[in-house]
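Observations on the three-dimensional arrangement
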Amino acid sequence: MVQYPENNKQGAALPDDPIARLVQAWPETFFRSLAEEIDAAFAKAHSLTAEKIAPPERRGALGQLRHFLSEDGFRSAGRAAGLIVHVPDTSPKGGCYSVVERDGNFMIRSNVLSHCGQPRPTKFRRRWSTLNEWLSPWQIDLFDTDRPQPAQDNMCAMLVVTASKNGNPMLPAFVGIGIPSHDLSTWIRLASIEDIIALYNAPAEQKDAPVDIADRAVPKLKRRRPSELG
């Protein structure tokens, strides 16, 4: 089991699960707003491409619009919840990406995929994932005893969104939060946005208990009323 520092900056004991750490540090309103923003991004991307883009280019345009609108919605949800939002450039320059953070917890987006596996291993995603080295099993190197143990002050989470190939194109198949391993090879934890929101209303003893979340999630369409699609 991963052991966190005894106390965080605010003096409160940290939970034993990285998802629970986010729940303790960030407001519920962020995750609720995030779910709404991603739903809206998918709906708007579909309507714009259907209206403005010819069929031969529509598939590629749909993916691009989902990306751009999800990025914008991600930032909007962070600002609305009072979190700190950054938009750094990629390295080498040529693009940018969004970072939402507070209390040593950072979140970036994975690219929209058709599965809940690992995102595209871009340079910036690999760099941010190294913050989670302390979450991996610590191996003592007998030939490098001076090597410092990874700092536990910071953690990287990723917004995971999938699209269904055969389902409703106006809705994401899965929206959740993943905690990547330091080398981006697997998810240490992966939880749906609904399960995360539910933790805010769970009994205190349940919030503090480790959450056993599978490494993979099966994409599943969420049923919504037409009036909610916007």
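Each value, and the rule that gives it
- Residues numbered from 1 in each chain as written.
- Predicted model: local features only at pLDDT ≥ 70, side-chain atom pairs only at ≥ 80, totals over all residues.
- Heavy atoms only, no water.
- Buried < 20%, exposed > 50% of the residue type's maximum accessible area, 1.4 Å probe, protein only.
- Helix = DSSP H or I, 4+ residues; strand = E, 2+ residues; numbered from the N terminus.
- Pairing = 2+ DSSP bridges.
- Core = buried A, V, L, I, M, F, W, Y, C linked by side-chain atoms within 4.5 Å.
- Contact = heavy atoms within 4.5 Å.
- Axes fitted to C-alpha atoms, helices over the stretch in contact; angles between N-to-C directions.
- pLDDT = per-residue confidence, 0-100.
- Salt bridge = Lys/Arg side-chain N within 4 Å of Asp/Glu carboxyl O.

Moving on, we get to the pairing of strand E3 (residues 105-109). Counting buried positions along E3 yields 5 of 5 residues, so the element is predominantly enclosed. Along E3, one buried face is formed by Asn 105, Met 107 and Arg 109 and the opposite face, lined by Phe 106 and Ile 108, is buried too. In this antiparallel pair of consecutive strands, strand E2 (residues 99-102) and E3, the connection spans 2 residues, and Asp 103 shows a positive phi of 55°. Of the pairings in the sheet, the one linking E3 to strand E4 (residues 155-162) comprises 5 bridges and is parallel in character. Looking at the pairing, Asn 105 lines up with Met 155 of E4.

Let's shift gears to the nonpolar core. Core analysis: the biggest nonpolar cluster contains 35 residues, and Trp 26, Phe 30, Phe 31, Met 107 and Ile 177 have the highest contact counts within it. Within the residue set of this core, elements represented by two or more residues are helix H1 (18-25), helix H2 (28-52), helix H3 (55-80), E4, strand E5 (174-180), strand E6 (187-192) and helix H5 (193-199). With 6 residues, H2 is the largest single contributor of residues to this core. Not counting the four nearest positions on each side in its chain, Trp 26 is found in contact with Phe 31, Leu 83, Val 100, Glu 101, Arg 102, Asn 105, Phe 106, Met 107 and Tyr 200. With 14 residues, the next largest nonpolar core counts Phe 106, Ile 108, Phe 124 and Cys 156 among its residues.

Turning our attention to the sheet that holds E4. With respect to topology, 6 strands assemble into an open sheet ordered E1-E2-E3-E4-E5-E6, the strand pairing being mixed. Across the chains shown, the open sheet's two edge strands, defined by having one partner strand only, are strand E1 (84-86) and E6. Across this sheet, the average inter-strand angle for adjacent strands is 25°, counted without regard to direction. Here E2 pairs with E3 via 3 bridges, running antiparallel. Residue pairing for E3: Val 100 is matched across the bridge by Met 107. Those strands touched by H1 are E2, E3, E4, E5 and E6, and its axis lies near 110° from that of E5. Sheet contacts for H2: E2, E3, E4 and E5; angle to E4, the most-contacted strand, approximately 35°.

The subject of this paragraph is the confidence of the model for the chain. Mean pLDDT for the chain: 83, with 75% of residues reaching 70 or above. Highest mean pLDDT in the chain belongs to E4 (98); lowest belongs to helix H6 (residues 204-208) (57). Low pLDDT, under 50, characterises residues 211-221; the predicted model gives this stretch 32 contacts beyond four residues in sequence or across chains. Every residue in residues 225-230 scores below 50 in pLDDT, and together they form 4 contacts with partners more than four places removed in sequence or on other chains.

Our focus in this paragraph is the pattern of salt bridges. Overall, the coordinates contain 7 salt bridges when judged by the stated rule. Salt-bridge contacts for Arg 109 lead to Glu 71; the nearest nitrogen and oxygen are separated by 2.5 Å. In this pair, Arg 109 is assigned in strand E3 and Glu 71 in helix H3, connecting sequence segments 38 residues apart.

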